[in-house]
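In case you want the letters, here they are:
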Number of protein chains: 4
Amino acid sequence: MVDSVSQNVDLASESTWSPREVELLEVTLQLLQENGYDRLTVDAVAATARASKATVYRRWPSKAELVLAAFTEGIRQVAVAPETGTLRGDLVRLGELVCEQIGQHAGTLRAVLVEVSRNPALNEVMQQQFVDQRKSLMLEILGEAAARGEIEAAAVDEDLWDVLPGYLIFRALVSGRAPTARTVANLVDNVILPGLTRDMDS
Amino acid sequence: MVDSVSQNVDLASESTWSPREVELLEVTLQLLQENGYDRLTVDAVAATARASKATVYRRWPSKAELVLAAFTEGIRQVAVAPETGTLRGDLVRLGELVCEQIGQHAGTLRAVLVEVSRNPALNEVMQQQFVDQRKSLMLEILGEAAARGEIEAAAVDEDLWDVLPGYLIFRALVSGRAPTARTVANLVDNVILPGLTRDMDS
Amino acid sequence: MVDSVSQNVDLASESTWSPREVELLEVTLQLLQENGYDRLTVDAVAATARASKATVYRRWPSKAELVLAAFTEGIRQVAVAPETGTLRGDLVRLGELVCEQIGQHAGTLRAVLVEVSRNPALNEVMQQQFVDQRKSLMLEILGEAAARGEIEAAAVDEDLWDVLPGYLIFRALVSGRAPTARTVANLVDNVILPGLTRDMDS
Amino acid sequence: MVDSVSQNVDLASESTWSPREVELLEVTLQLLQENGYDRLTVDAVAATARASKATVYRRWPSKAELVLAAFTEGIRQVAVAPETGTLRGDLVRLGELVCEQIGQHAGTLRAVLVEVSRNPALNEVMQQQFVDQRKSLMLEILGEAAARGEIEAAAVDEDLWDVLPGYLIFRALVSGRAPTARTVANLVDNVILPGLTRDMDS
DNA sequence: TCATAAGCGAGACGGTACGTCGTGTCTTACG
DNA sequence: CGTAAGACACGACGTACCGTCTCGCTTATGA
């Protein structure tokens, strides 16, 4: 379980952008957060970075891919399990991390979503950067809880592992109500934990 | 309780588009589903509807608002409580409805989200059309379940009423894994219901 | 000769616009002088006159005809022979009249020219209002001069009767140098009169 | 004197349009003569020249300026003194040249006049392309005639040098009667020459 | 006196051109 | 050879205007 995580982390860190490319991506991310996707122009990116458009397009074949690269670069971070010692602590910490990450990049993520759904290659990258990494993390947390006897191993639903981050992301992106620490606590206590421990009482 | 429902229905139907406007929105929605957001052109909408671009822009000041209007018009439907007689049945039915609605318009919704987050007025509309309506529906379902004694009234969390639709929307929009009937059933059985009935067993 | 003049005057005065129509034409002329032909809009005319566009179009079938009507209405005036007693006096007076008339309506005339050249019917009206009237006037002046023995009757060139007004109009409309009283005097003394009296010296 | 002519030729040729620009102007002029000013569309110009509208608008900020440029380009020609050896010959040739040039572009010139009168910058260009060039030509012709003793140097009126072309232009643009070769001959013989030689007989 | 019609204001409408802007490709000249 | 600068074709956007039309309201005439 730990292996798969580090694997993902390695994969994520594997993106070897040259310094110049990093600079371009940073400019892109900056402008993206300021303007949103479709008010961002490649010309502006090039001009701000004192680069030529050709320089941009040599690396990323379209605006969409440029933006996605900038986004994944911006959101990448070492995915380390919380290790608070209790399932509830781990889940709450995880939820708060999600809130933190998403909160900063809500606009960007909204913008990127449009393109991701159109381009399978982008979707692939997105899944790796965003989903798989988180999945391993979550499964690791649950695995440890099961090892501690807090939940039954069978309670882990393969399909619904992402209810916690998923709902929080929904709150941040779609609904107008950004999630707070209270939201996370309530969610864990009233929804996630009851779901995981539903068979423990019997 | 029934009254509140009909009230909602009225509210929902209250968006008074003229016949011509409805026609324009239908054309927009049609082309939207065929082509996606940015391959949709306002010229095409006007031409297909045998209308002038000015006629379109007189109503909706930008392509984004036109698309949002078409989307909310398309997603709107009689908001009637499922009334299956059991809480589980109601929830499953509600979840399936959400899947159905979102499934057709995922791309559109993604595109619309970007604009909504920028324009407070659009956000307002979005909230009313999308969120509030669903909220009263959900609260009604829960209220009836409480009346039947299936759950305690206290179990209804004011903040987390939208976990069911929210997670499903997340699945459809953000994660690459569109929710299925199985997803809904699992979600209701393993997450939502345990959360609602967590205090019933004690 | 006098008859033909009064005939023209009558023709010119014959245009019987209703008070409302005169008002519309005045507004048109006003806006025309302020904005020029293509920055003038029929909507603006209607709005300024607190009229409906239908009211305008009921009278004049196109913007061009409206503008021409306004122009001819604005420029119309009793064409009376100067009768100064000498050919030079008559010519100078005529030239000054032309300068005066054209000076006020140079912009309008420029604007109208475009349309006149396209629409034969407008051209017809233009000829009557603008050209024929002047022609009779000039021929009358020359006829009286011939009667006084100032010039030979043969010196009157049928084709070149409009050199005096024509050149002045050219100066006002095309060349950037608007004609002055000095211009008129020089023109009469150094060009027109020598042309008319060229055979008198022999 | 010959130097001043070549100078003018150089000046006239000095308008340095790039080959692409010349191509665009030629297409514009072509469509202009086929369709007239307002049936000419910038889209058609761009399409015919296999150019983008942006390419057109990068050079000329409006349709009016494009047309003016095309017109002055089209009307420009080697401004060489006729050199027929006699004043009359020179004048007639000059007049015929004017008729020829204007005849083809009357409609265009009419359209252009409106814009020129509004935009001082265009007026400037117009003056240089159209007026100044012609003026030095005319003064050269008169100078040579004076050198030959055909006229007195004093007969050249600084203000009225453009009666010949001016009246012809008036005839072509304003009056409905386009000038012919006979018109030119009559004008030169009956008006211009008498004016220039009026003091020779004494 | 009332109604039926004709004229009017207001302004939506189809059509079409304008002028702007952004993407992705390409060329030129520099280092 | 990679790069900065930026022109270019393509095509959508949003605006403006023309000439037509429909809608009510008012006014003026005819029973």
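Presented here is an overview of the structure given in this document. Only a predicted model underlies this, so the values are computations on that prediction, with no experimental measurement involved.

**Examining the interface of chain B and chain A**
- Taken together, the 35 residues of chain B in the interface contact 38 residues of chain A.
- For the pair chain B and chain A, the summed buried area comes to about 3,300 Å², and 59% of that belongs to carbon and sulfur atoms.
- Note that Asp162 of chain B is salt-bridged to Arg177 of chain A, the shortest N-O span being 2.1 Å.
- At the boundary of chain B with chain A, the tally comes to 13 residue pairs in polar contact (both at pLDDT 80 or more).
- Looking at the side of chain B that touches chain A, the elements that each hand over two or more residues are α6 (87-118), α8 (163-173) and α9 (181-196) of chain B.
- Broken down by element, the residue count for the side of chain B that touches chain A peaks at eight residues, all from α9 of chain B.
- When grouped by side-chain class, the residues that make up the side of chain B that touches chain A number 14 nonpolar, nine polar and twelve charged.

**Observations regarding the protein's contact with DNA strand F**
- Within the structure, DNA strand F sits among 32 residues, and Thr55 of chain A, Tyr57 of chain B, Lys53 of chain C together with Arg20 and Thr55 of chain D are positioned closest to it.
- Taking all atoms of DNA strand F within 4 Å of the protein, the share assigned to sugar and phosphate is 61%.
- Here a phosphate oxygen of DNA strand F and a side-chain polar atom of Arg58 of chain A are 2.7 Å apart.
- Taking Arg50 of chain D, its main chain carries an N or O atom lying 2.9 Å from a phosphate oxygen of DNA strand F.

**Description of the relation of the copies chain D and chain C**
- Take chain D, turn it by 179 degrees, move it 0.0 Å along the axis, and it overlays chain C with an RMSD of 1.0 Å. Taken together, the rotation and translation relating the two chain copies correspond to the operation of a two-fold axis.
- A share of 100% of the interface residues of chain D reappears at the interface of chain C, consistent with the copies meeting face to face through the same patch.

**Quick word on the interface of chain D and chain C**
- Listed per partner, the contact involves 35 residues of chain D and 38 residues of chain C.
- Between chain D and chain C, a total of about 3,300 Å² is buried, with carbon and sulfur atoms accounting for 59% of that surface.
- Run the count over chain D and chain C and you get six salt bridges.
- We note a salt bridge from Arg171 of chain C to Asp159 of chain D, for which the minimum N-O separation is 3.3 Å.
- If you look at where chain D meets chain C, you find 14 residue pairs in polar contact (both at pLDDT 80 or more).
- Mapped onto the side of chain D that touches chain C, the elements with two or more residues apiece are α6 (87-118), α8 (163-173) and α9 (181-196) of chain D.
- A total of eight residues in the side of chain D that touches chain C trace back to one element, the largest contributor, which is α9 of chain D.

Here is what the cut-offs are and how they apply
Residues numbered from 1 in each chain as written. Chains lettered and ligands numbered in written order. Predicted model: local features only at pLDDT ≥ 70, side-chain atom pairs only at ≥ 80, totals over all residues. Heavy atoms only, no water. Contact = heavy atoms within 4.5 Å. Buried area = accessible area lost by both parts, 1.4 Å probe. Salt bridge = Lys/Arg side-chain N within 4 Å of Asp/Glu carboxyl O. Polar contact = N/O pair within 3.5 Å; in protein donor to acceptor, adjacent residues only side chain to side chain. Helix = DSSP H or I, 4+ residues; strand = E, 2+ residues; numbered from the N terminus. Nonpolar A, V, L, I, M, F, W, Y, C, P; charged D, E, K, R; others polar. Near = heavy atom within 4 Å. Least-squares fit on C-alpha atoms with pLDDT ≥ 70 in both.

Keep in mind these numbers describe shape, not what the thing actually does.
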